[in-house]
Amino acid sequence: MHLSSSYILSLTTFVYLGATAIYLLYWIFRLEKVGILGTVVTVAGFVMQTAGIALRWRESYLMGYGHAPLSNLYESLVFFSWVTVLVYLVVEFKTKNRVIGAFATPFACLAMAYASFSPNVQDAIQPLIPALQSNWLLAHVITCFLGYASFAVACGFGIMYLIRGDGRGSSYLLDALPSRRTLDELMHQTIIFGFLWLTVGIITGAVWANQAWGTYWSWDPKETWSLITWFVYATALHARFVRGWAGKKIAYLSIIGFVSVIFTYFGVNFLLSGLHSYGSS
Amino acid sequence: MKTKRVHSESNIVVRFFSSVKLAIFLFIILALTSIIGTVLPQGESLQFYLEKYGPFYFKIIRTLHLYDTYHAWWYLALMGLFSVNLIVCTIKRLPYTLRLFRRNYLEMGRNDLLRRPFKAQWETAQKTNPVDLQSRLVKTFSGLAGKPEARENVDGGKLYLSDRGKWSYWGVYLIHVSVLVIFAGAILGSFTGFKGRIMLLEGESTDHAVQMDSHGNIKKIPLGFALRCDKFEVDFYPTGAPKLFKSDLAIIDKGKEVVKKSILVNSPLTYKGITFYQSSYQSVPDLKIRIVSSDGKQKVLDLSAFDKGLWPEKKLMVGIIKYLPNVHGAPAARVYVGDPSGSNGDAVWLLEGHDREVSLGDNSFRLSLVSAKEKYMTGLQVKKDPGVWIVWLGCTMMVIGFAIVFWVGHRRLWLWMGKDGEKLHVILAGQTNKNKVSFEREFERVKEAIDKQIGEK
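Throughout what follows, the structure given in this document is the object of discussion. All values derive from a computational prediction rather than experimental measurement.

Calculation notes
- Residues numbered from 1 in each chain as written.
- Chains lettered and ligands numbered in written order.
- Predicted model: local features only at pLDDT ≥ 70, side-chain atom pairs only at ≥ 80, totals over all residues.
- Heavy atoms only, no water.
- Helix = DSSP H or I, 4+ residues; strand = E, 2+ residues; numbered from the N terminus.
- Buried < 20%, exposed > 50% of the residue type's maximum accessible area, 1.4 Å probe, protein only.
- Contact = heavy atoms within 4.5 Å.
- Areas by Shrake-Rupley, 256 points an atom, 1.4 Å probe, with all protein chains shown as cover.
- Pairing = 2+ DSSP bridges.
- Patch = residues over 30% accessible without salt bridge, like charges linked within 9 Å, V, L, I, M, F, W, Y side chains within 5 Å.
- Salt bridge = Lys/Arg side-chain N within 4 Å of Asp/Glu carboxyl O.
- Axes fitted to C-alpha atoms, helices over the stretch in contact; angles between N-to-C directions.
- Buried area = accessible area lost by both parts, 1.4 Å probe.
- Polar contact = N/O pair within 3.5 Å; in protein donor to acceptor, adjacent residues only side chain to side chain.

## So, the overall build of chain B
At step 1: Of the regular secondary structure elements, chain B holds ten helices and 19 strands.
At step 2: When the backbone C-alpha atoms are referred to their principal axes, chain B occupies close to 135 × 55 × 45 Å.
At step 3: Counting across all 457 residues of chain B, residues that qualify as buried make up 43%.
At step 4: The contacts in chain B between residues at least 6 apart in sequence include a share of 57% that link residues at least 24 apart.
At step 5: When the accessible surface of chain B is totalled, it reaches about 24800 Å², and 57% of it is carbon and sulfur.

## Re the pairing of strand 6 (residues 218–236) of chain B
All names here are of chain B.
At step 1: Examined bridge by bridge, strand 5 (residues 205–212) and strand 6 share seven bridges and lie antiparallel to one another. Considered in strand 6, the bridge of His208 is made with Pro222.
At step 2: The loop that links strand 6 with its antiparallel partner strand 7 (residues 242–253) comprises five residues; one of these, Gly240, has a positive phi angle of about 100°.

## Looking at a nonpolar patch on the surface
Residues and elements named next belong to chain A.
At step 1: Taken together, the side chains of Leu3, Tyr7, Leu11, Phe14, Leu17 and Phe117 present a nonpolar region at the surface, about 580 Å² in accessible area.
At step 2: Tracing the sequence through the fold places Phe117 in helix 4 (residues 101–117).
At step 3: Here Phe117 falls in the partly exposed class, since its relative accessible area comes to 47%.

## A few points about the sheet that holds strand 13 (residues 316–327) of chain B
Residue and element names in this part refer to chain B.
At step 1: What the four strands build is an open sheet, ordered 12-13-14-15; its pairing is antiparallel. Pairing within the sheet leaves two strands with one partner each, and these edge strands are strand 12 (308–311) and strand 15 (345–351). For this sheet, the mean inter-axis angle between neighbouring strands, taken without regard to orientation, is 25°.
At step 2: The sheet contact formed by strand 13 and strand 14 (residues 330–338) spans eight bridges and is antiparallel. Along strand 14, the bridge assignment pairs Met317 with Gly338.

## Structural notes on the interface of chain B and chain A
One widely used convention gives an interface's size as the accessible area the parts lose upon coming together.
At step 1: Between chain B and chain A, the residue contacts involve 50 residues of the former and 45 residues of the latter.
At step 2: Between chain B and chain A, the buried area comes to about 4100 Å², and carbon and sulfur atoms account for 73% of it.
At step 3: By the criterion of area lost to chain A, the three top residues of chain B are B:Phe27, B:Asn266 and B:Phe402, representing 17% of everything that side buries.
At step 4: There are zero salt bridges connecting chain B and chain A.
At step 5: Counting the contacts that link chain B with chain A gives ten residue pairs in polar contact (both at pLDDT 80 or more).
At step 6: Within the residue set of the side of chain B that touches chain A, elements represented by two or more residues are helix 3 (20–39), helix 5 (73–102), helix 8 (171–192), strand 7, strand 10 (274–293), strand 17 (363–384), helix 9 (388–407) and helix 10 (436–455) of chain B.

Structure, rendered in structure tokens:
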């Protein structure tokens, strides 16, 4: 079999699936060696995926198109998965807590599975249509997906927070999760980080639209949904300052926010029509 | 501090507009109502909504302006309320932030230090020379935490403070103000700018753009100069996907050609604040028709689609009714031939390479389609928006604000040293308002360094 980028990338689905399973085992049995194995497998998957992306970039040059692999749904899913793993690895390095991996790697695995095996997603390398021939493409896609990936990880934290419950119940499994205070802090930090990149993503999109069409904001469904997502996370960030709203409500908001991200990402392409149609095939 | 707060909150109006709860309420309402315009088609004719949704929903759609949700009075009112909330909140928080900003964090006693979230203390053995050790510790502290401020006579010792990132309290203000700046830019743009379209054939020029309002009326907007399209180019990939749309444009101002530029989809042309964007194209046929009269005279007419040409000498008019680029491998056109009033004439098909005789009264003419070329018409989006730079300024402020809020914390590290009898008592304390994890690491580094100094007797 010819070693194409999409073949290598489809294999990372299984590596991330393995990583998820190992992190879950680590959560249950709490053996340090299993945890380290989880990290090793995740890093291996990440390296493989990086190589796959680089190879795809090269392939596009060999085909004479020559553009960064960030131009259609398949490539954006691969990139989303890649950034999610990157953000998670940074969080793991900073917090030294590997249980989080059981809540972050599934997002990377699902994105890759959808990209590689869904009949709705075509993995062919396509040339860039005139509207996409801009340096803003890179800036816009990278920043948006840094935001999306951070929100995926924040959603993982939200789920962990809710699983941990009100802190009164204590069990073997729950005790392995970071404390509620730590989770709250991590959630807040990840949301600010994601919010920063979502904002930069919206702005680079506006600058680009202004350059291509002469309108920085045209209320196209994708733009509007990114604004809706922005409002949801703005709510989450301000909820901290209202008495009694911290913690659980913010955990719910981080999950609702990610649902809104998912809708901005897929729902708009499949259910609504607009200027962003190139993201849908 | 307490009394002041109660006083300012006594005004119920201020309290309403300044509450974070109102902000959250507005975020949620704006998020929910924004969904409407992404689900309901926007900008269609009223007739469309009546037919599609029936009279009941039509009434709601018309009253609430849901056919143009984001410019509806209630949506703009929500945005206005949001701005007022933002302004009042910001002003109200100002004194509080100023107090945080101006507070002197050297005004602390020994016991205050021990109540900080991060702290460590040491007592040295008697052998040490305290003066020497003190100066070594200060050097270590400044080396790691930056040059400190100092205050003498604090509970019998000297207090050092490294106070960094205090200015980061203003990051949030930068974000809040930036939202208002963006609104201001958008409002300015919508009142002083315009948007229009231009369709130009290759070789043609115009001095105005065309704007269509919501009722379908066409309005001409003068540009103040002329724009000419010299050439339009389109190119496709082997897959059939478009690869390139390009117009060679020239600007003629006061009769002089001042600018020449090729524009692409992502590379527009701006002149005197007006920007021209490549947005669409049409292909228009350009036909050459030769007419030979029965008396042997002949004339060649150069016509594009729906165009008509005259041969005044023979009182003859030729007009293109229809053009087909490929009929059995050759271009064909249906043309009207007759007198200019249109009262006496005939419509015939001309196929390239085949002559056609037409008799009109006493005269007869032989017509032939000499050549048919595709000529392009470029579609340009025209825009003037003086507010756009203010919007970009707001965006820049917002991003800088977020970067400050995320990365810069107010980090304080205190070092207190005092003699406790013969022994030297050392306290290290720390506090930060964000990024506790990385601050803890820094605190541990300073702690270890002090540990090491005190250990070296």
